Each structure stands twice: as structure tokens, then as C-alpha cells.
Amino acid sequence: MMYIIGILISCFFILILMLLFQQAKNRNSNELYKDRYVDAGKPTGKHKVNLYEQFVKPLLDRFFAFCGLVVLSPIFLLVCIAIYVSDPGPIFFCQKRVCKNKEFFMLHKFRSMKMCTPHDIPTHLLENPEQYITTVGKFLRKTSLDELPQIWDIFVGNMSIIGPRPALWNQYDLIDERDKYGANDVKPGLTGWAQINGRDELEIVTKAKLDGDYTRHISFVFDVKCFFGTISSVLKHEGVVEGGTGELKKGEGEKE
């Protein structure tokens, strides 16, 4: 038993050092300060924060994120090794996303695409995007394991376990639609109500409305419902569209 605990502790500290190093690199980047929204940091006033959201939810997020980092640290490190062996290069893919009140943060994912992939071109606009996804990346995407590093984003307070998925900084249509429902006034989540009701297949208007429904009814029971609904969706691979987001028929998608 002590041997297992020792392995977990070692893996945990190695993982934390890797993530802190990546975090430091992100902070030294000027990306977070470019193209900032004029009303960033200002809530729309359309969302009323309840006691659960203000006090209980943040504690649960950080507690479960910490537990996840500890327990899953060996898997994290195995995935890191597999990514590097499959295609040497950075382990993490970091991308500017929209946080609470339209502030920016750098979201973390496991890199699933080859280093030779053309930069600044959305996956769905690439010719034959499958050719750019690594063998390990295909598995990570299929199982949603590429999203695991976002547990760190939850732990440091940029995200929540449950909430609207963080929009790309230039998904203006989605961000504007969410403003109508006050959905930009809450922390983005690892998964949410929209993710178990269509995920990548949803149009912008539908996705924003579902995000608004969640924002209006935030509660412990609703979060539990979204959590277990996500497990079911992942196991069934529901709503996943490779190489695109479904919502971006006229905008830019995400490369990873």
C-alpha cells in the first residue's frame, strides 16, 4: 500500500512541475492581452449568483480537481510519454479561451495533432484533417482523454467542472448569443448541459440557449445530472464531429 502511495505522490509532483512550467510559459506570453473585449470583467447583470454557485461550487471544484490530479497523475504521465514518443514536441496544447465575464485564459489540452500541422488553420478547414492527427491523438479524442489537463484549469480557478464550454476568443457569434442569456457571467466548464445535448453537432443559437438554461438553474442536483450525463455521452461517443465544432459554420474552429 505504501508503495502505491509513494508512486502516486511521485507522479503527482512530477505532473505539477510540468503544469507549473507550462503555466509560467503562458503567463510570459502576450496572447492573453491581445484583442481583449471592451466589456471584459463586467457581468451582464442577467445572471443572479446563488449561494451554491458562490460558496459550495468553487470548493467542490477545487477539491475534486485536486483529487483528480493526484489519482490520475500516473495516467497523465503515461499519456505524456505516449504523445512524445508518437510525435516529439510539446505535450500540452494551449489555446486562448473565454473565461468568466469574457476575460481570457489559456486552456490546456493534451496535444493530439502532429507538429507538421499548418498553424492558425481550424481543423475543419484543413484538407484531409485526419492525416494530421497522431495515432495517440485519435485515441485521446475518441475517449476525451485529451481534455484531462483541464483539471488543472479547474484547480487554479479558471474553470469549473460543470458549466458552458469555454469559447474560443474569436467565436464572436457564440459569445454574443451567450450574452443574451447571461451565460458569459459564469465560469466555463469541463462539461455542461449543452455537451450532453448534442455537443459538436449543435448550432450556435441552440448551444447558447442550452448554456443559458444551465446558467438560470445552477444547482448541485443539476451539476450531478450533467456529470453523469457526460459519462454516458462519452461512453456512447455521442455528438462528436471530428475536425469541427458543429457550431462554427461561418467562423473559425479550433485546431485541437
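Fair warning: this is a prediction, and the values are worked out from it, not measured in the lab.

Chemist: With reference to specific residues and values, describe empty space enclosed by the protein.
Modeler: Per the counting criterion, the structure on display carries one cavity of 30 Å³ or more. Quantified by volume, the largest cavity comes out at close to 70 Å³. Val 98, Cys 99, Pro 164, Arg 165, Pro 166, Ala 167, Arg 178, Ala 183, Asn 184, Val 186 and Pro 188 together form the lining of the largest cavity. Residue composition of the lining of the largest cavity, grouped by class: eight nonpolar, one polar and two charged.

Chemist: Give a description of the nonpolar core that names residues and reports values.
Modeler: Counting residues in hydrophobic clusters, the biggest one holds 36 residues, and the most contacted among them are Leu 69, Phe 76, Ile 83, Phe 110, Trp 193 and Tyr 214. Listed by contribution, the elements that provide at least two residues to this core are α1 (2-27), α2 (51-86), β2 (104-110), α3 (135-143), α4 (150-155), β3 (160-162), α6 (204-216) and α7 (220-236). The greatest single-element share of this core, amounting to seven residues, is contributed by α2. For Phe 76, the residues in contact, after removing those within four places along its chain, are Leu 15, Leu 69, Phe 110, Leu 148, Pro 149 and Ile 151. Among the nonpolar cores identified, the runner-up in size contains nine residues, and Ala 40, Phe 104, Ala 167 and Ile 204 belong to it.

Chemist: Residue-level account of α6, with values.
Modeler: Its 13 residues place the ends of α6 18 Å apart at the C-alpha level, agreeing with the 18 Å of an ideal helix rising 1.5 Å per residue. Buried within α6 we find Ile 204, Lys 207, Ala 208, Leu 210, Asp 211, Gly 212, Asp 213, Tyr 214 and Thr 215. Along its buried surface, α6 packs onto α2, β3, α5 (172-181) and α7.

Chemist: Break down the packing of α2 against α3 for me, citing the residues and quoting the values.
Modeler: Interaxial distance between α2 and α3 falls to 8 Å at its minimum, and their mutual angle equals 140 degrees. Note on element contacts: α3 touches α2 through Thr 135, Val 136 and Leu 140, opposite Val 79, Ala 82, Ile 83 and Ser 86. Across the contact of α2 with α3, the residue classes break down as five nonpolar, two polar and no charged.

Chemist: Talk me through a nonpolar patch on the surface; I want residue IDs and the actual numbers.
Modeler: A grouping of Phe 220, Val 221, Val 224, Phe 227, Phe 228, Ile 231 and Leu 235 is seen on the molecular surface, where their side chains present a nonpolar patch of about 700 Å² in accessible area. Tracing the chain through its elements places Ile 231 in helix α7. For Ile 231, a relative accessible area of 38% gives the class partly exposed.

Analysis parameters
Residues numbered from 1 in each chain as written. Predicted model: local features only at pLDDT ≥ 70, side-chain atom pairs only at ≥ 80, totals over all residues. Heavy atoms only, no water. 1 Å grid on protein atoms, 1.4 Å probe; cavity = no way out; pocket = protein on both sides within 12 Å on 5 of 7 lines; lining within 4 Å. Points joined across faces, edges and corners; volume = space filled by probe spheres on them. Nonpolar A, V, L, I, M, F, W, Y, C, P; charged D, E, K, R; others polar. Core = buried A, V, L, I, M, F, W, Y, C linked by side-chain atoms within 4.5 Å. Buried < 20%, exposed > 50% of the residue type's maximum accessible area, 1.4 Å probe, protein only. Helix = DSSP H or I, 4+ residues; strand = E, 2+ residues; numbered from the N terminus. Contact = heavy atoms within 4.5 Å. Expected span 1.5 Å × (residues − 1). Axes fitted to C-alpha atoms, helices over the stretch in contact; angles between N-to-C directions. Patch = residues over 30% accessible without salt bridge, like charges linked within 9 Å, V, L, I, M, F, W, Y side chains within 5 Å. Areas by Shrake-Rupley, 256 points an atom, 1.4 Å probe, with all protein chains shown as cover. Salt bridge = Lys/Arg side-chain N within 4 Å of Asp/Glu carboxyl O.

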